Amino acid sequence: MQPTSSYAAAHAASLADPAAFWAAEATRLPWDTPFAEALSQDENGTDRWFRGGELNTSYLCLDYHVAHGRADQPALYYDSPVTRTRRAYTYAELLELTARFAGGLRALGVELGDRVIIYMPNMPEAVVAMLACARLGAIHSVVFGGFAPHELAVRIDDARPKVLICASGGREFDRVIPYLPLVAEALAKARHQPARVVVSQRDFVPAELLPGRDVDFLALLQAAPVPAVPVPATHPLYILYTSGTTGRPKGVVREHGGHAVALHYSMRAIYGLAPGETIFTGSDIGWAVGHSYIVYGPLLLGCSSVLYEGKPVRTPDAGTFWRLVADYRASVLFTAPTAIRAIKKEDPEGRLAQQYDLSSLRALYVAGERCDPATYTWAADLLGVPVVDHWWQTESGWPMLATARGLAGAPAPRAGSAGHPVPGYDVQVLDEAGQPVPAGTTGLVALRLPLPPGCFSTLWQDEERYQDYLRPYPGYYLSGDGGYRDAEGYCYIMGRVDDVINVAGHRLSTGEIEEILAAHPAVAECAVLGLADPLKGQVPAGLVVLKDGQTIGEEQLERELVAAVRGQIGALACLRQVLVVARLPKTRSGKILRKTLRQLADGEDFNLPATIDDPLILDEIRAGLVRRGVGQAFSAPS
Ligand code: COA
Ligand code: AMP
């Protein structure tokens, strides 16, 4: 079957016969061993893609392009205002570094299936480390550099890496962050200890290496280059931890085969890119967006990718993203709405954009949270190109809803909507009973199985928890998001229906923050709410009830709890406000009414839940919120 170039036909074909659709897409990649069946089921009843086939993602990203005329094309443009560095790496150079570093890792004992944790900022060495692991069939797990030692320790214990690769440090605006003390603290907390720690030294923050344990990144590059090891299509490429509803993160497992096929397709069909073109994804390699569209997607298709180490603002100004587009002639810019809001706040008239030649830009893509219509319109007016809000999750690894600009006839994007289902995805909106709801009705957003290639096939060593996504409504994957589809088929993702929040495009668990607050000796119980924030989308705020007899002052407690969350999760959690309340509103069966509390704090209208045990508590809490300036608790319940 030839892939069709029409959006409607492609989407219909992908649902009518998923195996045939993706088998055809898979033939675009060079396989070491052809797959037996495109789609089959494993012993857990989980759909698996391309079993029997063998390939290697590092080969597809590097060797293949070097052998096919792209040796001298830039693969990466590293641009780091925070370290005042700019450097392009051609495909040949990136291959040489990766093959040598893989040789160095192998000399440290890293083999097929071993795990390697990478704790680094956006820097070329991190990309080399990822691709080198892939080359050996080792499984990398990148941990976002902003996570505190506790979070790193949790991931070390879950993934049990043979080697940990880190930078000596990073820079946040002008603040230098040495990583080795954070690694030391994490290793002191972790039960599992990696055999070796590989350190990439940065001249602004040299680290002292621990003899016997630590190895210099550069020393590994002295090794002889090694070829890519063909691995089964279903072999894990990476584990990426993401927040669930508890303090224990979920290790999303991505496989070599389906991932390569899906990302190759998405680069063309969704982003409308061709080999040789440039994409700039303003995200971090620690997130799914960074994995897929800074590193793997662009390299799989033979594009050039801008690897940016900095912020959208203040490094040095709100024109940085526009400079990057202009300097590298990017055809596509992809970032989070919060980054656009940060730019808009500092440069409301968009004057800085006028200083640059943005004629290469064909579209701006945003994801990570819903793009509010005001931000959407501002960006569209400023840039004069389509703005595409598209919806995805760490679990999917690539967009589920979008405007597939690479396919003919895809309906034009619309402010507030995340677009239409991407080929491969059967997106449905269900009611609580699992029945599809009519157009215009809000419900639970779910995907009808099978999930297309590239989506996770399990959670690392936690199949039981993976099944939690599938158990509630047999035949569906439950996304955790709520939303609706309008009469014209446009889909709207309106926010999480569980205890996950999005803070500046970072996915956090209110349950995890609650566990930290509840561990304070003065706290009897608590609720953490994700409140609306004009810049970050949402920020957490805590409501705590003191244990009997506790006399700690509210501000003192707030300071201690803010420090605890910062110390355990990281500064990115952004918990700044904690309010002491006499009681929390509960149902008669004892469940805290978190949604009602959030609506109250955000000043939204809400219906008083019929099951509330004591409605008067809400008035007390509202008074407290107003007194402390938390949220927008001004309106009364209706
Ligand atoms: N290492 C160490 N600390 C980090 C960090 C990192 N990699 N990333 C963030 N932090 C710290 C920040 O320094 C800040 O610390 P502070 O409280 O001491 O000031 C805190 O975490 C909060 O960071 P952030 O929420 O990023 O706020 P900010 O003011 O620094 O920047 C934005 C705001 C909007 C510019 C920024 O959040 C952003 O670019 N967001 C886009 C996120 C994104 O790309 N997500 C991926 C989905 S596409
Ligand atoms: P993450 O796994 O970190 O990528 O976060 C996934 C979550 O971010 C989703 O479940 C949504 O809640 C939210 N999200 C991502 N993209 C969008 C979007 N375009 N519109 C609305 N919410 C989004």
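Residues numbered from 1 in each chain as written. Chains lettered and ligands numbered in written order. Predicted model: local features only at pLDDT ≥ 70, side-chain atom pairs only at ≥ 80, totals over all residues. Heavy atoms only, no water.

1. A closer look at empty space enclosed by the protein
Under the counting rule described, the total for this entry stands at two cavities of 30 Å³ or more. Looking at the largest cavity, its volume works out to about 70 Å³. Lining the largest cavity are 14 residues, with Glu151, Arg155, Ser243, Pro249 and Glu512 sitting closest to its centre. In terms of residue class, the lining of the largest cavity is built from four nonpolar, six polar and four charged. When residues of the lining of the largest cavity are sorted by domain, at least three fall in each of domain 1 (7-310 + 390-483) and domain 2 (504-633). Within this model, the second largest cavity holds a volume of roughly 40 Å³. Ser141, Val142, Val143, Phe144, Phe147, Arg155, Leu240, Tyr241 and Gly286 are the residues that line the second largest cavity. Where the lining of the second largest cavity is concerned, the elements lending two or more residues are strand 7 (139-142) and strand 14 (236-242). Class assignment for the residues of the lining of the second largest cavity results in six nonpolar, two polar and one charged. (1 Å grid on protein atoms, 1.4 Å probe; cavity = no way out; pocket = protein on both sides within 12 Å on 5 of 7 lines; lining within 4 Å. Points joined across faces, edges and corners; volume = space filled by probe spheres on them. Nonpolar A, V, L, I, M, F, W, Y, C, P; charged D, E, K, R; others polar. Domains from an automatic or database assignment. Helix = DSSP H or I, 4+ residues; strand = E, 2+ residues; numbered from the N terminus.)

2. A word on the domain arrangement of the chain
When cut into domains, the chain gives domain 1 (7-310 + 390-483) and domain 2 (504-633). On a C-alpha basis, the centres of domain 1 and domain 2 stand 34 Å from each other. Domain 1 puts 19 residues into the contact, and the matching count from domain 2 is 14 residues. Carbon and sulfur atoms make up 43% of the surface buried where domain 1 meets domain 2, a total of about 1,200 Å² over both sides. Counting the contacts that link domain 1 with domain 2 gives one salt bridge. A salt bridge links Arg507 to Glu395, with the shortest nitrogen-to-oxygen separation between them at 2.9 Å. The interface formed by domain 1 and domain 2 includes six residue pairs in polar contact (both at pLDDT 80 or more). A per-element tally of the side of domain 1 that touches domain 2 places helix 6 (residues 149-159) first, with three residues. (Contact = heavy atoms within 4.5 Å. Buried area = accessible area lost by both parts, 1.4 Å probe. Salt bridge = Lys/Arg side-chain N within 4 Å of Asp/Glu carboxyl O. Polar contact = N/O pair within 3.5 Å; in protein donor to acceptor, adjacent residues only side chain to side chain.)

3. Let's talk about the site of ligand 1
By nearness alone, 26 residues border ligand 1, and Glu172, Arg175, Ala504, Lys536 and Arg566 come closest of all. Here an oxygen atom of ligand 1 sits 3.2 Å away from a polar atom, N or O, in the side chain of Lys311. Here an oxygen atom of ligand 1 sits 3.3 Å away from a polar atom, N or O, in the main chain of Leu572. When ligand 1 sits alone it has 940 Å² of accessible area, and the protein chains cover 85% of it. (Near = heavy atom within 4 Å. Areas by Shrake-Rupley, 256 points an atom, 1.4 Å probe, with all protein chains shown as cover.)

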